[in-house]
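Tertiary structure, described
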Amino acid sequence: MNHSSIIRASALEYVRGVTSGEFTAEEFLSETLSRIEEAEARYNAYLHVEDGQKLLARAREIDRGIKSGQKVGLLAGMPVSIKDNICMRGSRTTCGSRMLEGFVAPYDATAVSRLNAEGGIIVAKANMDEFAMGLTTEFSAYGPSRNPWNTGYVPGGSSGGSAVAAAAFECVASLGSDTGGSVRNPASFCSVVGYKPTYGLVSRHGLVSYANSIEQIGPIARTVSDAALVLGVIAGRDEHDDTTADATPATDYLEGIEGGVEGMRVGIVDEMTEGADPEVARAAERAAGNLEAAGASCERVSLDMVGYSVPSYYTITAAEAASNLARYDNLRYGYDLPLDGYEFNSYVAEARGRFGPEVTRRMILGGYVSSAGHAGRYYLKALKVRAKLTREVADAFASSYDILMAPTVPILPFRIGEKTDDPVSLFMVDLNTVTANLTRRPAVSVPYAVSAGGLPIGIQMMADSMQDRTLLRAARALEMRRPPLPEVPD
Ligand code: GLN
């Protein structure tokens, strides 16, 4: 590998290359920093890049460690980035919002301390829709990120910055958060791998809450194995988050990943394919063919409750968001707004006027659907739908399938600005992703094809709770069998 191409290395290639002396952590990092500088004018993947000198000093420390045979961690100085709703001590954490413009996190998220402990070097905070509400990054207060496959198009979201950064070689891997598809959707739109773990596998400590009962931090990377490597670093019981699972499965998610899909039973979900764009639907059919050729059996399956998943999802998440975002009253967190001339209510109202339109909409909606007079018709009904959907999905896994498969997103990436005026049509784009969150199952988006117009198509696979290793194995099998993918244009 020459120097201009080293940054295209996968995570596994990086670790091999740096530990065998093919290149140093410092060289790799410095190439990555130049790449960031050159690429950011076009992509706006990052909200904040960390101090280069400090990062390089850390890389040199890793290099010394490698030379002297010390342990340098599984990531060995690998440049990674994190979504800007994940706290890192001493670093700005804005959540893509003007509300938190000057907020500096006083502590590390557990995922961040685990990355650091394994020698990861966090280079930047990635752009996102404000408070992770959205699926295009157009709701970021700091301007949209752009899709490297075509900069006139959205990169997906809400972890759009993370997906762009991984696709455009501005890091080796990134962490996003997935409440209703925010890791998988941008991964699909940018042709990278996005992994949403089983709920409870990864600590949410230090992740700024949007809808805490369903969201997880998850890796975005260029290969399935890379996502598995990063998952292994961040997963596991955390005493700071009591929703993390006690019985954490073996932490090496790479083990067995090449095992293939021989004998696996795969259900292609009707409700997630029927209304899809024809090119997208065809990709799902071809993916099923690839898995059959590898020894899996694929059949169509109907899951009735999927049709109700989006309204249920947006009702529950709005209610949780309204509660979680109530803390932004500008007294405890916020920005510089002098108190003079206001009484309490007008002050808080003025301060909260800083939220953007999508967040404001969700908070009003969330207050309404969970209010005493309306909760029975909306919030409680949404919870019932969630319970029925969970039963339906649990039955499908218990009786018939190892994997449920569909396109990650039913449509192709669209133009920046094309859908911002119609928030409800944007909600429907989440049709295929929210089921995994509502039912707490793991799901992954695997790059599969590029459309005739040059836009990426991803395939989603979902498995039963805590079957993350089975899921990764199936995803890896698809990655190996899919038709060759073109390189991202530059
Ligand atoms: N588009 C969904 C929403 O806006 C998903 C967002 C996410 O996963 N954070 O809620």
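Attention here is on the structure that accompanies the text.

A closer look at the packing of helix 1 (residues 11-19) against helix 7 (residues 224-234)
Viewed as axis vectors pointing N to C, helix 1 and helix 7 meet at an angle of 70°, and their least axial separation amounts to 7 Å. On the basis of their axis angle, the class for helix 1 and helix 7 is roughly perpendicular. Across from Ala11, Leu12 and Val15 in helix 1, the residues of helix 7 making contact are Ser225, Asp226 and Leu229.

Section: the sheet that holds strand 3 (residues 121-126)
Spatial ordering of the open sheet is given by 1-3-2-4-6-5-10-11-9-7-8, a layout of 11 strands whose pairing is mixed. Where the open sheet ends on each side, the last strands, each with one partner, are strand 1 (46-49) and strand 8 (297-301). When the angles between neighbouring strand axes are averaged without regard to direction, this sheet yields 30°. Helix-sheet contacts for helix 16 (residues 468-481) involve strand 5 (193-196), strand 9 (403-407), strand 10 (443-450) and strand 11 (456-462), and the interaxial angle to strand 10 is about 5°.

Observations concerning the site of the ligand
With respect to spatial proximity, 15 residues lie near the ligand, and among them Thr179, Gly180, Ser182, Tyr210 and Tyr313 are the closest. At 2.8 Å from a nitrogen atom of the ligand is found a main-chain nitrogen or oxygen belonging to Ala132. Here a nitrogen atom of the ligand and a side-chain polar atom of Tyr314 are 3.3 Å apart. About the coverage of the ligand: the protein hides 99% of its 290 Å² of free accessible area. Looking at the shell around the ligand residue by residue, the class counts come to 6 nonpolar, 6 polar and 3 charged.

A short note on unusual backbone geometry
Most peptide bonds are trans, and most residues other than glycine sit at a negative phi. Here the amide bond leading from Gly157 into Ser158 is cis, since omega sits at 10°, within 30 degrees of zero. Within the secondary structure, Ser158 is located in the loop between strand 3 and helix 5 (160-167). Phi at Cys95 takes a positive value of approximately 55°, unusual for a residue other than glycine. Structurally, Cys95 is set in the loop between strand 2 (79-83) and helix 4 (110-117).

About the criteria used
- Residues numbered from 1 in each chain as written.
- Predicted model: local features only at pLDDT ≥ 70, side-chain atom pairs only at ≥ 80, totals over all residues.
- Heavy atoms only, no water.
- Axes fitted to C-alpha atoms, helices over the stretch in contact; angles between N-to-C directions.
- Helix = DSSP H or I, 4+ residues; strand = E, 2+ residues; numbered from the N terminus.
- Parallel < 35°, antiparallel > 145°, perpendicular 65-115°, else oblique.
- Contact = heavy atoms within 4.5 Å.
- Pairing = 2+ DSSP bridges.
- Near = heavy atom within 4 Å.
- Polar contact = N/O pair within 3.5 Å; in protein donor to acceptor, adjacent residues only side chain to side chain.
- Areas by Shrake-Rupley, 256 points an atom, 1.4 Å probe, with all protein chains shown as cover.
- Nonpolar A, V, L, I, M, F, W, Y, C, P; charged D, E, K, R; others polar.

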